[in-house]
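Below are the chains, spelled out letter by letter.
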Amino acid sequence: MLSSIQLSRRAAPAARPTPADFDINLGLNTSTGFFPERPLPQLPEAYASWEDALARAKKVLILGEDLTDDDSERRAEGELWREQIRSLPVISTDVLNMDKQLLRRAHKVLTFLVHFYVHSIPPSDDNGPILVPRPLVAPLLEVSSVLQMAPVLTFADTVLWNWDLINPDLPVTLDNMRMGVDLFSGTEDERNFYLGSARGEIRGIEMLHIVNEYHNLPNVTDFPSICRINRLLARLAVVIRDIEQIIQSVREIVDPRMFYWEVRPWFNGSASGSSKPAWIYEGVDRTELLDLSGPSAGQSSVMHALDLFLDIDHKIQQRRYPAPSESNKRADHGFMERMRRYMPGKHREYLAYLGATRPVREVAQSVPAVREQYNAAVTALKKLRDAHMRIACLYIVTMSRSSPPPGCPVFAMMQRMERQKASQGPVTGTGGNELSLLLKAGRDATTRAVLKGN
Ligand code: HEM
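Along each chain, residues carry numbers from 1 onward, in the same order as the chain's sequence is written. Residues qualify for local features only when their pLDDT is at least 70, as the model is predicted, and side-chain atom pairs are given and counted only at 80 or more; totals for whole chains, interfaces and linings, by contrast, use all residues. Derived side-chain values reflect all non-hydrogen atoms in the structure, with water molecules and hydrogen atoms excluded from consideration.

- The name recorded for the protein in an unreviewed UniProt entry is Indoleamine 2,3-dioxygenase, from Leucogyrophana mollusca.

If you want it as structure tokens, here you go:
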């Protein structure tokens, strides 16, 4: 009976690529997963003007929204910084192409500069588009094209590539990593926000091992293999429960008001909501064709790998039970797929590879003995998404009705609250999607993966 399982729909490719082919590190001694094996180095001397501009931005820039009319000194410093950016030479990135770490560093520095540039501009009445200058745009498009990723701040820039080692002689472990080498707000809340995501990412490395072990099984039909699959799924459920705990623990280290008012505004991209002014990338014919949403943990390859392994149907293409609700149908079904364009190209290739390999859900469908463990893993993921929805609601939906934290100048604070009120509609996430619809649809798509019957 077992040998009749149909796995031909997505048969494993003949020559199996290794994790290293996808820039994934699953080393025997230390596994860093989607993190690089070492922290990023500084850029060579020829690019010192970018590194210097970033160091200066961190010292002198604050959110343009926090500037009052009286704050003339800070306004002048900000304008001077932006003027210096506009007058930088356009530097070729050709010499970086041979070194992936330098390309990553260039992407990270340039995208931080872009977001510093845009969000340090004081709000104006005309609400017109913001011109992002060519000295940032031209090299950013070049490195993004080589790395095959969006030319905007991403999860990789803020988390995967944003750490160094406390003790460079010791291995890369969470305890030895200092997150948030570069910060916008300079707050511990921002650093801890990145840390929360990094913890999830690191815990997820075991999941990559599990997937790898599953793919290494010679077949999925004999008794020992079925026992192995059950053990792998049981291990996976533990990993998922741990990531759920990690998401909840963000509450202990990130203040929601600080996050909402002082950290998150720096992340907004050009497509972050229709009421925001769009950006124009100088020298680009149609900026609106670029992917410019900004960073989101929705760009974490670990979480996508989990969805692919368990075959969660975010696009609602399969006939599954219960049928999608009306609000599920209205949600943005392309969100998760779009988020992949913000990942480094090699990581996206890994996900494409995973999507083309034998699906564990199909095995669980055909082999009743696997169903219980499969369903337990899916249910753990559904619970993770429930917990995540509560966090997103607390940090964004509830905070959208709060006032900025103490420390924000009173006048700027009143102006920000007024602007907020004027643009009030449903609260949106990265790319301007209605947040609660989006997250609920993901949670419900997860529930629909559960297999019925014995
Ligand atoms: C304060 C903490 C957090 C907040 C406020 C938050 C908020 C959000 C929001 C608003 C979205 C919707 C998409 C977007 O707008 O980008 C989202 C998506 C997502 N977040 Fe978070 N998040 C937090 C922490 C985390 C952590 C620690 C993880 C993983 C370890 C995570 C994983 C995800 C994933 C995978 C998605 C894609 C949607 C889904 O899979 O359901 N988030 N998050």
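Still to come is the rest of the account.
### Overview of the overall build of the protein
Now for step 1: When you go through the protein residue by residue, the secondary structure sums to 17 helices and six strands.
Now for step 2: As a reference, a globule follows 2.2 Å times the number of residues to the power 0.38, and the radius of gyration itself is taken over C-alpha atoms. Its C-alpha atoms give the protein a radius of gyration of 23 Å, near enough to 22 Å, the size a compact globule of 454 residues would have.
Now for step 3: Dimensions of the protein along its principal axes, counting C-alpha atoms only, are 75 × 50 × 45 Å.
Now for step 4: For the protein, with 454 residues in total, the buried portion stands at 52%.
Now for step 5: Expressed as a percentage of contacts within the protein between residues at least 6 apart in sequence, the contacts between residues at least 24 apart total 80%.
Now for step 6: All accessible-area figures derive from a Shrake-Rupley calculation using a 1.4 Å probe, and residue coverage is judged against the displayed protein chains alone. Roughly 20400 Å² of accessible area belongs to the protein as shown, and the carbon and sulfur atoms make up 52% of that amount.
Now for step 7: The averaged location of the 54 negative side-chain charges in the protein is 8 Å from the averaged location of its 54 positive side-chain charges. The way it works is that DSSP assigns letters per residue, a run of H or I at least four long becomes a helix, a run of E at least two long becomes a strand, and they are numbered from the N terminus. The buried label goes to any residue with under 20% of its type's maximum accessible area, the exposed label to any with over 50%, and the partly exposed label to all in between, with areas taken from a 1.4 Å probe on protein chains only. Residue contacts are counted whenever heavy atoms from the two residues lie within 4.5 Å of one another. For the charge count, each Lys or Arg is scored as positive and each Asp or Glu as negative, with His and the chain ends excluded. Just so you know, the charge point we use is NZ for Lys, CZ for Arg, CG for Asp and CD for Glu.

### Here's the deal with the side chain of Q299
Now for step 1: Structurally, Q299 can be placed in the loop between β6 (279–281) and α10 (301–310).
Now for step 2: A polar contact of 2.9 Å, which involves the side chain of Q299, links it to the backbone nitrogen of F155.
Now for step 3: Residue contacts for Q299: discarding those within four places in its chain leaves T154, F155, G294, M339, Y342 and M343. Side-chain atoms alone can form a polar contact between residues adjacent in sequence; in general such a contact is a pair of N or O atoms within 3.5 Å, and within protein one must be able to donate a hydrogen while the other accepts it.

### A look at the site of the ligand
Now for step 1: In the vicinity of the ligand there are 23 residues, among which S296, R385, H388, G429 and T430 approach most closely.
Now for step 2: The side chain of S296 places a nitrogen or oxygen atom 2.6 Å from an oxygen atom of the ligand.
Now for step 3: One nitrogen or oxygen atom from the side chain of H388 is found 2.8 Å from a nitrogen atom belonging to the ligand.
Now for step 4: Of all the secondary structure elements, the ones that give two or more residues to the shell around the ligand are α6 (188–203), α8 (223–253), α12 (335–339), α15 (368–398) and α17 (435–447). Throughout, near means a residue has at least one heavy atom within 4 Å of the molecule or strand.

### Let's talk about the packing of aromatic side chains
Now for step 1: When two rings of Phe, Tyr or Trp (its six-membered ring) have centres within 6.5 Å they constitute a pair, described as stacked for plane angles under 30 degrees, edge-to-face for angles over 60, and tilted for the intermediate range. Under the counting rule described, the total for this entry stands at 18 aromatic pairs.
Now for step 2: Residues Y47 and W50 carry aromatic rings whose centres are separated by 5.0 Å and whose planes lie at 55° to one another, so their mutual orientation is tilted.
Now for step 3: Among the residues examined, Y47 registers a relative accessible area of 2% and is labelled buried.
Now for step 4: Distance and angle both matter: a charge sits over a ring if NZ of Lys or CZ of Arg is within 6 Å of the ring centre and within 35 degrees of the ring normal. Across from the ring centre of F112, 5.8 Å away, lies the NZ or CZ of K108, which sits over that ring.
Now for step 5: Against the face of Y214 rests R358, its NZ or CZ located 5.1 Å from the ring centre.

### As for the nonpolar core
Now for step 1: What is meant by a nonpolar core is a set of buried Ala, Val, Leu, Ile, Met, Phe, Trp, Tyr and Cys residues, joined one to another through side-chain atoms within 4.5 Å. Counting 126 residues, the largest nonpolar core has W50, L233, L236, Y281, L310 and Y350 as the members making the most contacts within it.
Now for step 2: Tallying contributions element by element places α15 first for this core, with twelve residues.
Now for step 3: The residues touching L310, leaving out its near neighbours within four places in the chain, are L233, L236, I240, V360, R361, Y374, A377, V378, L381 and A449.

### Description of the layout of surface pockets
Which parts of space are left empty comes out when a probe the size of a water molecule is rolled across the atoms.
Now for step 1: Residues are called lining when one of their atoms sits within 4 Å of a cavity or pocket point, these points coming from a 1 Å grid over the protein atoms alone, where a cavity is a set in which a 1.4 Å probe fits but cannot get out and a pocket is an open set with protein on both sides within 12 Å along at least five of seven lines. Grid points are joined across faces, edges and corners, and a volume is the space filled by probe spheres set on the points. Estimates place the volume of the second largest pocket at around 480 Å³.
Now for step 2: Along its surface, the second largest pocket is lined by 25 residues, and L308, D311, I312, D313 and R340 are the ones closest to its centre.
Now for step 3: Of all the secondary structure elements, the ones that give two or more residues to the lining of the second largest pocket are α10, α12 and α13 (345–355).
Now for step 4: Examining the composition of the lining of the second largest pocket, we find that four residues originate from one element, α10, more than from any other.
Now for step 5: A class-by-class count of the residues in the lining of the second largest pocket yields nine nonpolar, seven polar and nine charged. Residue type decides the class: Asp, Glu, Lys and Arg count as charged, Ala, Val, Leu, Ile, Met, Phe, Trp, Tyr, Cys and Pro as nonpolar, and the leftover types, Gly among them, as polar.

### Details of unusual backbone geometry
Now for step 1: For the bond from Y321 to P322, the omega torsion is -5°, close enough to zero to count as cis.
Now for step 2: Here P322 shows up in the loop between α10 and α11 (326–330).
Now for step 3: The phi dihedral of Q148 falls on the positive side, at around 55°, and the residue is not glycine.
Now for step 4: Relative to the helices and strands, Q148 resides in the loop between α4 (134–147) and α5 (155–160).
Now for step 5: With a phi angle near 65°, D311 is a residue other than glycine that sits in the positive phi range.
Now for step 6: Locating D311 in the fold gives a position in the loop between α10 and α11.

### Focus on the pattern of salt bridges
Now for step 1: Definition used for salt bridges: Asp or Glu carboxyl oxygen within 4 Å of a side-chain nitrogen of Lys or Arg. For the structure shown, the criterion picks out 29 salt bridges.
Now for step 2: With a shortest N-O distance of 3.4 Å, D69 and R75 are connected by a salt bridge.
Now for step 3: With relative accessibility at 28%, the residue R75 sits in the partly exposed group.
Now for step 4: Salt bridges sharing common partners tie together R203, E206, E213, R228, R235 and D242.

### Quick word on the environment of A57
Now for step 1: Mapped onto the fold, A57 is located in helix α1 (residues 48–60).
Now for step 2: Considering only alpha carbons, one finds A57 and L232, 175 residues apart in sequence, at a separation of 47 Å.
Now for step 3: With sequence-adjacent residues up to four places away left out, A57 is seen in contact with W81 and F116.

### Re the coordination of the iron atom of the ligand
Now for step 1: Coordinating donors are taken as N, O and S atoms within 2.8 Å of the metal, stretched to 3.2 Å for Na, K and Ca; because water is absent from the atoms, sites can appear incomplete. Exactly one donor from the protein chain reaches the iron atom of the ligand: H388 (NE2), at 2.1 Å.
Now for step 2: Here H388 is to be found in helix α15.

### Considering the confidence of the model for the protein
Now for step 1: Predictor confidence is given residue by residue as pLDDT, running from a minimum of 0 to a maximum of 100. This prediction gives the protein a mean pLDDT of 92; 93% of its residues lie at or above 70.
Now for step 2: Counting contacts from residues 1–9, a segment whose pLDDT is below 50, to residues more than four positions away or on other chains yields 16 contacts.

### Notes on helix α3 (residues 100–119)
Now for step 1: Multiplying 1.5 Å by the helix residue count minus one yields the expected span of that helix. Taking 1.5 Å as the rise per residue, α3 with 20 residues should run 28 Å; its terminal C-alpha atoms sit 28 Å apart, in good agreement.
Now for step 2: Burial analysis of α3 places 19 of its 20 residues in the buried class, which makes it a mostly covered element.
Now for step 3: Two or three places before Q101, at the start of α3, stands the capping residue D99, its side-chain oxygen 2.9 Å from that residue's backbone nitrogen.

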